[in-house]
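# Architecture and fold: a report
Here are the chains, one letter per residue:
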Amino acid sequence: MIKLFSLKQQKKDEEGTARAGGSQKKASAAQLRITKDLNELNLPKTCSTEFPDPDDLLNFKLIICPDEGFYRGGRFVFSFKVGPNYPHEPPKVKCETAVYHPNIDLEGNVCLNILREDWKPVLTVNSIVYGLQYLFLEPNPEDPLNKEAADVLQSNRRLFEQHVQRAMRGGYVGSLYFERCLK
Amino acid sequence: MATGESQTPDYQQRKWQNLRKLLERSGPFCHPDFEPSAEILDFIMNSCKVLIVGAGGLGCELLKDLALMGFKKIHIVDMDTIELSNLNRQFLFRKNDIGLSKAKCAVEFVNKRIPGCEATAHHCAIQDLDEGFYKQFHIVVCGLDSIVARRWLNGMLMSLLQYNDDRSLDQSTVIPLVDGGTEGFKGNARVILPGMSACIECTLDLYPPQKTFPLCTIANTPRLPEHCIEYVKVIQWAKENPWGTTTGLDGDDPQHVAWVYEKAQERALKYGIANVTYRLTQGVLKNIIPAVASTNAAIAAFCATEVFKLATSCCVNMNNYMVLNMADGVYTYTFSAEKSPDCVACSNNTQVMEIQAEATLQMIYDKLCEDQLYMMKSPGITTVINGRNKTLYMSSIKSIEERTRDNLKKKITDLGLYNGADILVADVTTPNTITIKLKFIENIDVEMSR
Amino acid sequence: MASPSPKSPEQTEKTKQYDRQLRLWGDHGQMALEHGHVCLINATALGTEVLKSIVLPGVGSITIADDKTVSDDDIGNNFFLESSSNGLNRGSEALRLLLELNPAVQGHAVQEPTDQILRENPDFFKAFSVVVATALEDKTIQNLAQHLWDINVPFILCRSVGFLGSFRIQIKEHAVVETHPDNEQTDLRLDVPFPALAEYLDGFDIDGVELKDHGHIPWIVILYKAVQKWQISNTNCWPMSRKQKNEVKSIIEEFIRKDENGIPINEENFEEALRAVNTALMPTFLPTNIQNLLYSSAATNLTKESSPFWIMCSALRNFIESEGKGKLPLRGVLPDMTASTEHYIKLQNIYRSQAAMETEIIYRKVQQIIAQLHCENISEGEVKLFCRHAHDLYLIKGSNIATEHQLGGTVAAYISRYLEEPDVMMVHYILLRAAEMFRSEHCRAPGDWEPEGDIAMLKTCVNKILSDISCSPFPKDDHIHEMCRYGGAEIHSVSAFLGGCVAHEAIKIVTKQYKPVNNTFIYDGASTNTTTFTF
């Protein structure tokens, strides 16, 4: 153990006294970590990011344009919000594009395990990007968020494909209207 | 008698006799550096400044404990106001105090009860206080329930550290952090010597992740009453916006809680799920952590003992993490949490880069890639200017690259960098973002041509 | 804007105030606490810290017995005294300031010395659920402990000197139904399914379900089917060994569906089933400690005075011997698992109904016993709780402090066993005892005036105790020296730590929930060590 305070140098600077030269506010641990994550972001060719403010690395958008599967030709925007407790807590991710998808509901909630129950601090933004991309290649009817879509996918893949196409072109599926999101 | 004592210096008063025995006598187990003397109590009372972070269950206890351990110059910070549900453990507050500032109320009570105590209250968020404020303290002790706040405070104390030219730590800049936490009948306490022992960020894994349920379970296969409540909270609220789109769900608003409770009950009924209660609804919505006076008292007292040891050296400190379980008997376990060598908060990875004041950002970038010292692949460079983050250059992200490309040509001084400024550099070659301090040097070419 | 304003369910002031603790011991625990009456002997810093954490959660009433007058030292380390208390009765002053914490708590102060109460009004102590005492003399401790033992009132004796502290719980018998274990063992009965469960499990056809539903079959069903399949080649056998369990695992893996390319489809429920093989295949059995409890004489020889706990134990034994066929009543709790709501709720109801049925049988047996003995009624709720926790029943049979203090054969052997190790925490115990002996002999704490001079005298006390238990003297005097350094000082943070712990134990005793310390706890604030001894 060190003896932290010798009685001789016991008095501390009073509140608000001059700051030591050159000292400055440091970046938070969350900030340092997201910087690292983003610098190493290795996007698949179907994905791109958009930073409304390049100085704000905590809020950005991810755009996925699948080139195969049910959703090829579509353009889907996700918003990422990285909180101060990153990476202890995962970023908040919402889908901003209305999509007919078994694992994404119409409020933009996304059912992806690593966004909630299976998040671990060792995971990165990259892991989420790959997870989201996979959702478009392999929609999973087992764990649905949009149950109607899941039921159709399970019972009639052709019909499901038609529904997806109709939704992406802009139009009604059942009673629900989808905005056009083709590239 | 009290009147007779008014002439005696405070630290020699009879009422402090118990403490004086410990501080004015030597013992076989004392720290070798410990020199018993009356001055130690004088130091505690009249010089040593301690900051208590949080005036809740632990904070109230800490304030009382430290004041009775002789500390007078105590500051306490808390942004919260008093609620009815605090009164089962936050013993400095009464029903009449509901709605008042916790910090102010606690300070008022203790200063009145213990004459001579000069505690000061700060009714604000810890983030509202700057480093000039934190710097004045000898010791910080913290009783918070939020991991975010702990991490922030940890970061603040780490940023106050200064290193000598040989990269050794300047120990006079170390402000020890004693941290306590409780959950029901369990708790923990730890001593952190910033830059010297494991910090909050080194051991972030020790905090259990928040309990969450898969979204699809909540939406389609609810089985537990919690699933029903989470559904209303996560999905149904945003769909129905019962108080309009601008009003978010507020777990402290009884009407909101009642609405969620009712909807969750409806959902539970539909699925045949039992036991959705108001108490459970509230617990899930606010993520309520059970709390009881006794556990808080024990953990706070444990922390106060460590603060006393740090301030007096009368005894060696705990090394460095203690867990307490009072559910099955009373059990403690102490272990030494290990400092992580590449911790983002406390590893001194600050390097110094010498560079001409006239240099452009491109020159820094090239240096990072080509200099033997760095040999980086594609460094992303950011900095903090006046408390704001600024991205200087990042090649890996197209949209940022396009908008920061021009910075490369600019002089670093035009980008707001100065002699002694820190730049933050992330690269695949380092496990974490590293901090590089710029040190301006005279332009050698100019020097030689003269 | 129209407010949706749903009818807010009635939440009383009280449930709001106590919300954070009700989540730990429930409304029934709170009720028990509110019927509790805790007595404190001597309102030292340690004493008032104990009461603080009992008054805040809302104990029914407190009584402080203290004949001392408030001194400067008291004001310096006791938060529940103020400058103006100087010279007044310590108990009354502390009581006044403690009661401010919670207006719901009743309080009384008695200004007589404990010895006098014991002599003149020993029945005084009968009213209490727990008596907590601190700063007592050796002789008084023995008399008080013996008396409380005789009248069967729980007693917690505590000490705080320098960095050292201890408390000792004396309780003749303490039965806990709700122990709140961290990891509750599941009780699924896959090895001995009751009829309703067997019917449900047998009616399930794993291969028959659609792919959509395949991922929603509860793992319990999967595991059961896998074992059944395993039993075709292992008749009358239950998978116990690692090898056998691995065989069951391979069967489960065969159940997993493959996609068109023959790659197994990742299904969470099957993974859960694989994980459960190691834990859930544990055969149903009656734990030995529960068996011992049920066949102890208190449970087999009931009288009119028998406590509800023993009456319920007797009913439970009767159930196990007849309807239960050697097994405890079903716990009736289904852990959460990946499953469709329908499957899960159905299965949950099967377990719940069976548990309710078995509880009902036991409740009827309890009523029969009550009718025979003409003793006080036991509510159905109590029996339910008892059956629900029958796997975790816990009983402490305590020992008498007076006996411990006389250092008889068993106690001596116990202490010397620890001293041989050498266990430093047992050394602290000896020193705390020796300091008490010193105080009785010299009317002051060792080192009160001056540490060095008392070392030899304290050493005499230590050696007296050591020779009583036939142990050789300590090779070094350092712990004796340290005790003299403390000079009987009571350090607030040490007392506050112990105070929190003692209050906690008192609450456990009053609410009869969670396991209390059995029976001696020692804390050394200098080395930040704690330990528990059972005298």
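Here, the structure is the one placed above.
This write-up is about the structure you can find in this document. (Residues numbered from 1 in each chain as written. Chains lettered and ligands numbered in written order. Predicted model: local features only at pLDDT ≥ 70, side-chain atom pairs only at ≥ 80, totals over all residues. Heavy atoms only, no water.)

### Description of the overall build of chain A
Looking only at helices and strands, one finds 4 helices and 6 strands in chain A. Taken from the N to the C terminus, the helices and strands of chain A come in the order α-β-β-β-β-α-α-α-β-β. By the burial criterion, 52% of the 183 residues in chain A qualify as buried. Restricting the contact set of chain A to residue pairs at least 6 apart, pairs at least 24 apart contribute 52%. Carbon together with sulfur atoms contributes 49% to the accessible area of chain A, which is approximately 8700 Å² in total. (Helix = DSSP H or I, 4+ residues; strand = E, 2+ residues; numbered from the N terminus. Buried < 20%, exposed > 50% of the residue type's maximum accessible area, 1.4 Å probe, protein only. Contact = heavy atoms within 4.5 Å. Areas by Shrake-Rupley, 256 points an atom, 1.4 Å probe, with all protein chains shown as cover.)

### Some points on the sheet that holds strand β1 (residues 47-50) of chain A
Residues and elements named next belong to chain A. The strand order across the open sheet formed by 4 strands is β1-β2-β3-β4, and the pairing between neighbours is antiparallel. A single partner strand is all that each edge strand has here, and the edge strands are β1 and β4 (92-95). Between one strand axis and the next, the sheet turns by 25° as a mean value, whatever way the strands run. As paired strands, strand β2 (residues 59-64) and strand β3 (residues 76-81) are joined by 6 bridges and run antiparallel to one another. Along β3, the bridge assignment pairs Ile63 with Val77. (Pairing = 2+ DSSP bridges. Axes fitted to C-alpha atoms, helices over the stretch in contact; angles between N-to-C directions.)

### Let's talk about the packing of helix α16 (residues 341-373) of chain C against helix α17 (residues 380-388) of chain C
Residue and element names in this part refer to chain C. Packing of α16 against α17 leaves a shortest axis separation of 10 Å and a crossing angle of 125°. Overall, the two elements α16 and α17 adopt an arrangement that is oblique. The handedness of the crossing between α16 and α17 comes out as right-handed. Facing α16, whose interface residues are Thr359, Glu360, Ile362, Tyr363 and Val366, α17 presents Glu380, Val383, Lys384 and Cys387. (Parallel < 35°, antiparallel > 145°, perpendicular 65-115°, else oblique. Left-handed = near helix turned anticlockwise from the far one by under 90°.)

### Considering the environment of C:Trp238
All names here are of chain C. Here Trp238 is to be found in the loop between α10 (219-232) and α11 (242-255). Exposure remark for Trp238: the relative accessible area of 17% places this residue in the buried category. Residues Trp238 and Val248, 10 residues apart in the sequence, show an inter-C-alpha distance of 10 Å. Setting aside residues no more than four positions away along its own chain, Trp238 makes contact with Leu190, Asp191, Val227, Trp230, Gln231, Gln244, Leu281 and Pro283. Here the side chain of Trp238 touches Leu281 through a polar contact of 2.7 Å, landing on its backbone oxygen. (Polar contact = N/O pair within 3.5 Å; in protein donor to acceptor, adjacent residues only side chain to side chain.)

### Brief notes about the interface of chain B and chain C
A common way to express how large an interface is: the accessible area buried when the components associate. On the side of chain C, 94 residues touch chain B, which itself brings 90 residues to the contact. Both faces combined, the contact of chain B with chain C buries some 7700 Å², and carbon together with sulfur accounts for 58% of it. Looking only at chain B, the three residues that lose the most surface to chain C are B:Arg113, B:Arg223 and B:Arg279, adding up to 11% of its buried area. Remark: the boundary between chain B and chain C carries 11 salt bridges. When the shortest N-O distance is used, the salt bridge between B:Arg223 and C:Asp336 registers 2.6 Å. (Buried area = accessible area lost by both parts, 1.4 Å probe. Salt bridge = Lys/Arg side-chain N within 4 Å of Asp/Glu carboxyl O.)

### So, the pattern of salt bridges
Applying the stated criterion to the full structure yields 61 salt bridges over all chains. In this structure, C:Glu505 engages C:Lys508 in a salt bridge whose closest nitrogen and oxygen atoms are separated by 2.8 Å. Highlighted residues: C:Glu505 and C:Lys508, both in helix α23 (residues 492-511), separated by 3 residues, approximately one helical turn. The two residues C:Glu505 and C:Lys508 agree in class, both being buried. What emerges from the salt-bridge pattern is a single network uniting B:Glu61, B:Lys64, B:Asp65, C:Glu49 and C:Lys52.

### Side note on the interface of chain A and chain B
Opposite the 56 residues of chain A that make contact, chain B presents 82 residues. Note on chain A versus chain B: buried area summed over both sides is about 6200 Å², and carbon and sulfur give 56% of it. In this assembly, chain A and chain B are joined by 1 salt bridge. Here A:Arg116 and B:Glu230 are joined by a salt bridge, their closest N and O atoms 3.2 Å apart. Our enumeration of links across chain A and chain B arrives at 20 residue pairs in polar contact (both at pLDDT 80 or more). Every element with two or more residues in the side of chain A that touches chain B is listed here: α1 (29-39) and β1 of chain A. At 8 residues, α1(A) tops the list of elements feeding residues into the side of chain A that touches chain B. For the side of chain A that touches chain B, a count of residues per class yields 23 nonpolar, 12 polar and 21 charged. (Nonpolar A, V, L, I, M, F, W, Y, C, P; charged D, E, K, R; others polar.)

### With respect to the nonpolar core
Within the largest apolar cluster, 158 residues are counted, with the highest numbers of intra-cluster contacts made by B:Leu63, B:Phe71, C:Phe167, C:Ile415, C:Leu419 and C:Ile430. In terms of residues, this core owes the most to one element, helix α12 (residues 293-312) of chain B, which gives 12 residues. Core analysis: the next-biggest nonpolar cluster, separate from the first, contains 69 residues, B:Ile218, B:Tyr261, C:Ile251 and C:Ala273 among them. (Core = buried A, V, L, I, M, F, W, Y, C linked by side-chain atoms within 4.5 Å.)

### Here we look at the pairing of strand β7 (residues 321-325) of chain B
Residues and elements named next belong to chain B. Extensive coverage of β7 is indicated by the burial of 4 of its 5 residues. Taken together, the 5 bridges between β7 and strand β8 (residues 331-335) define a ladder with antiparallel strand orientation. Considered in β8, the bridge of Asn325 is made with Tyr331. The antiparallel hairpin formed by β7 and β8 contains 5 residues in its connecting segment, where Gly329 sits at a positive phi of about 65°.

### Quick word on the packing of aromatic side chains
Summed over the entire model, instances satisfying the criterion amount to 44 aromatic pairs over all chains. Residues B:Tyr321 and B:Phe335 carry aromatic rings whose centres are separated by 4.9 Å and whose planes lie at 25° to one another, so their mutual orientation is stacked. Of this pair, B:Tyr321 sits in strand β7 while B:Phe335 is found in strand β8, placing the two residues 14 residues apart along the sequence. A residue is classified by how much of its surface remains accessible, and B:Tyr321, at 6% relative accessible area, is buried. Exposure remark for B:Phe335: the relative accessible area of 24% places this residue in the partly exposed category. The positively charged end of C:Lys515 is found above the aromatic ring belonging to C:Tyr394, 4.6 Å away from the centroid. (Phe/Tyr/Trp six-rings, centres within 6.5 Å; stacked < 30°, edge-to-face > 60°. Lys NZ or Arg CZ within 6 Å of the ring centre and 35° of its normal.)

### Describing the side chain of A:Asp37
Residue and element names in this part refer to chain A. Among the secondary structure elements, Asp37 is positioned in helix α1. Exposure remark for Asp37: the relative accessible area of 6% places this residue in the buried category. A distance of 2.8 Å separates a polar atom in the side chain of Asp37 from a polar atom in the side chain of Arg33. Apart from the residues lying within four places of it in its own chain, the contact partners of Asp37 are Tyr86, Thr124 and Val125.

### Here we look at the pairing of β1(A)
Residue and element names in this part refer to chain A. Of the two faces of β1, the one lined by Cys47 and Thr49 is fully buried and the one lined by Ser48 and Glu50 carries no buried residue. Inspection of the sheet shows β1 paired to β2 by 4 bridges, in the antiparallel sense. When the bridges of β2 are listed, Glu50 appears paired with Lys61.

### Quick notes on the sheet that holds β7(B)
Residues and elements named next belong to chain B. Reading across from one edge, β3-β2-β1-β4-β5-β6-β7-β8 is the order of the 8 strands in this open sheet, with mixed pairing throughout. Pairing within the sheet leaves two strands with one partner each, and these edge strands are β3 (120-122) and β8. Each neighbouring strand pair of the sheet contributes to a mean axis angle of 15°, computed without reference to strand direction.

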